[in-house]
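What the coordinates show
Listed below are the residues making up each chain.
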Amino acid sequence: MTFCRTLANLLLTGTIALASTAHAAGITVHDARNRDVAVADFARTVSIGGAITEILYALGLESRLVGVDTTSLYPAAALHDKPNVGYMRQISAEGVLGLNPTLILAIQGSGPRETMDLLETAKVPLVLVPETFSEEGLIEKIKLVGHAMGVDARAECLATAVATDLAQLRALRAKVTKPVRVMFVMSLLNGRAMVAGHKTAADEIIQLAGATNAVEDYDGYKNIGDEAIVAAKPDVVLSIERGKDSLQADAVYAHPGFTLTPVAANKSFITMDGLYLLGFGPRTAAAARDLSVKLYPALAEGGAFTSALSAANCRQ
């Protein structure tokens, strides 16, 4: 009962705060739910999703942030300086509304559903940012976040810089003559590998790097057995760094399925920072370039990747 009363008060407080601070920003955002969301005040924004937080910092909007989620690992100042509302798929409505936000930006897939429903009930504008793993989807994500925050010009600046980096990446990718087969492995549990199929961030980053996803038969993530691993014939295993829970190279090479593939024979195992590799934020082109050079060392001889993003000043 105490929780319910507290949440009810927060819902009421959020509604009153929105009404009292609405200074008619006059912004309408068409979000991932195919809805038009009216944004009246973005002075107190909660960001749910590492890529959204990264975009907001790149646009110089960190002073408007009153809370972020645990996937907001870049820049490091985000989680250090801002209140943490929890993991994006396990958000607490009470934790978010307790920050008295005037706007919530949440990446598509945030949850649980009950929490998102409660946030909708609070009448605080909730913009669900589309998560489309593609070059076009990344550019649109930047523009949508910038529009919701009333900084379209800054967002256009950032989108242009990212588009320039993606163009450089396409030129680099064109030099690949024989794509390697990469299997993204999230984990190895009880002898079964959880791997990424199509329509995942891992699948798209593999393609952006000029390689081929060795998993071809399904979408999303799935646990597969030894026979499926052997049949996929991966040349390289790719994974993400997760501290003590990170997948280890020795575990891959000793796995019965991978011992019968080029992965073990060539000792081909790559790990990268998770948000950098799979976040589909402004640094995605640089992450794909780094992966590409790891897969094809000869590409590094073509000179440094000069990021337009690092040279751009889109913060004002």
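Scroll up a little and you will see the structure.
A few points on the structure. (Residues numbered from 1 in each chain as written. Predicted model: local features only at pLDDT ≥ 70, side-chain atom pairs only at ≥ 80, totals over all residues. Heavy atoms only, no water.)

**Quick notes on unusual backbone geometry**
A cis amide bond, omega -5 degrees, links Tyr74 with the succeeding residue Pro75. Residues Gly111 and Pro112 are joined by a peptide bond in cis, for which omega reads 10 degrees. Note on placement: Pro112 falls in the loop between β5 (103-107) and α5 (113-121). Phi is positive for Lys233, which is not a glycine, with a value near 50 degrees. Here Lys233 shows up in the loop between α9 (226-232) and β11 (236-241). When its relative accessible area of 56% is taken as the criterion, Lys233 is described as exposed. (Helix = DSSP H or I, 4+ residues; strand = E, 2+ residues; numbered from the N terminus. Buried < 20%, exposed > 50% of the residue type's maximum accessible area, 1.4 Å probe, protein only.)

**Focus on the nonpolar core**
Ile48, Leu105, Val127, Phe184, Leu277, Leu291 and Leu295 are the most contacted members of the largest nonpolar core, which totals 83 residues. Sequence-distant contacts of Val127, that is, excluding residues within four places in its chain, are made with Val29, Asp31, Arg33, Val37, Val39, Leu103, Ile104, Leu105, Ala106 and Leu144. If you look at the next biggest cluster of nonpolar residues, it comprises 17 residues, including Val237, Val252, Tyr253 and Phe269. (Core = buried A, V, L, I, M, F, W, Y, C linked by side-chain atoms within 4.5 Å. Contact = heavy atoms within 4.5 Å.)

**Things to note about the packing of aromatic side chains**
Evaluation of the coordinates by the stated rule reveals two aromatic pairs. The interplanar angle of 75 degrees and the centroid separation of 6.4 Å between the aromatic rings of Phe184 and Tyr221 together place this pair among those described as edge-to-face. Taken together, the residues span a long stretch of sequence, with Phe184 in strand β7 (residues 181-189) and Tyr221 in strand β10 (residues 221-224) at a distance of 37 residues. Stacked on the ring of Tyr218, the Lys or Arg Lys222 has its end atom at 5.0 Å from the ring centre. The ring centre of Tyr74 lies 3.6 Å from the NZ or CZ of Arg283, which sits over that ring. (Phe/Tyr/Trp six-rings, centres within 6.5 Å; stacked < 30°, edge-to-face > 60°. Lys NZ or Arg CZ within 6 Å of the ring centre and 35° of its normal.)

**Some thoughts on the pairing of strand β4 (residues 65-68)**
The pairing of strand β3 (residues 45-48) with β4 spans three bridges and is classified as parallel. Bridge pairing links Val46 to Gly67 in β4. (Pairing = 2+ DSSP bridges.)

**Side note on the packing of helix α7 (residues 152-173) against helix α13 (residues 284-295)**
Contact geometry of α7 with α13 gives a least axis separation of 9 Å together with a crossing angle of 20 degrees. Here α13 runs roughly parallel to α7, going by the angle between their axes. Read as a crossing pair, α7 and α13 show a hand that is left-handed. Between α7, through Asp165, Leu166, Leu169 and Leu172, and α13, the contact on the second element is made entirely by Ala285, Ala288, Arg289 and Ser292. In terms of residue class, the contact of α7 with α13 is made up of five nonpolar, one polar and two charged. (Axes fitted to C-alpha atoms, helices over the stretch in contact; angles between N-to-C directions. Parallel < 35°, antiparallel > 145°, perpendicular 65-115°, else oblique. Left-handed = near helix turned anticlockwise from the far one by under 90°. Nonpolar A, V, L, I, M, F, W, Y, C, P; charged D, E, K, R; others polar.)

**Notes on the pattern of salt bridges**
Under the defined criterion, the tally for this structure stands at 14 salt bridges. As a salt-bridge pair, Glu120 and Arg35 come within 3.0 Å of each other at their nearest N and O atoms. In this pair, Glu120 is assigned in helix α5 and Arg35 in the loop between β1 (27-30) and β2 (36-39), connecting sequence segments 85 residues apart. For Glu120, a relative accessible area of 30% gives the class partly exposed. Exposure remark for Arg35: the relative accessible area of 42% places this residue in the partly exposed category. (Salt bridge = Lys/Arg side-chain N within 4 Å of Asp/Glu carboxyl O.)

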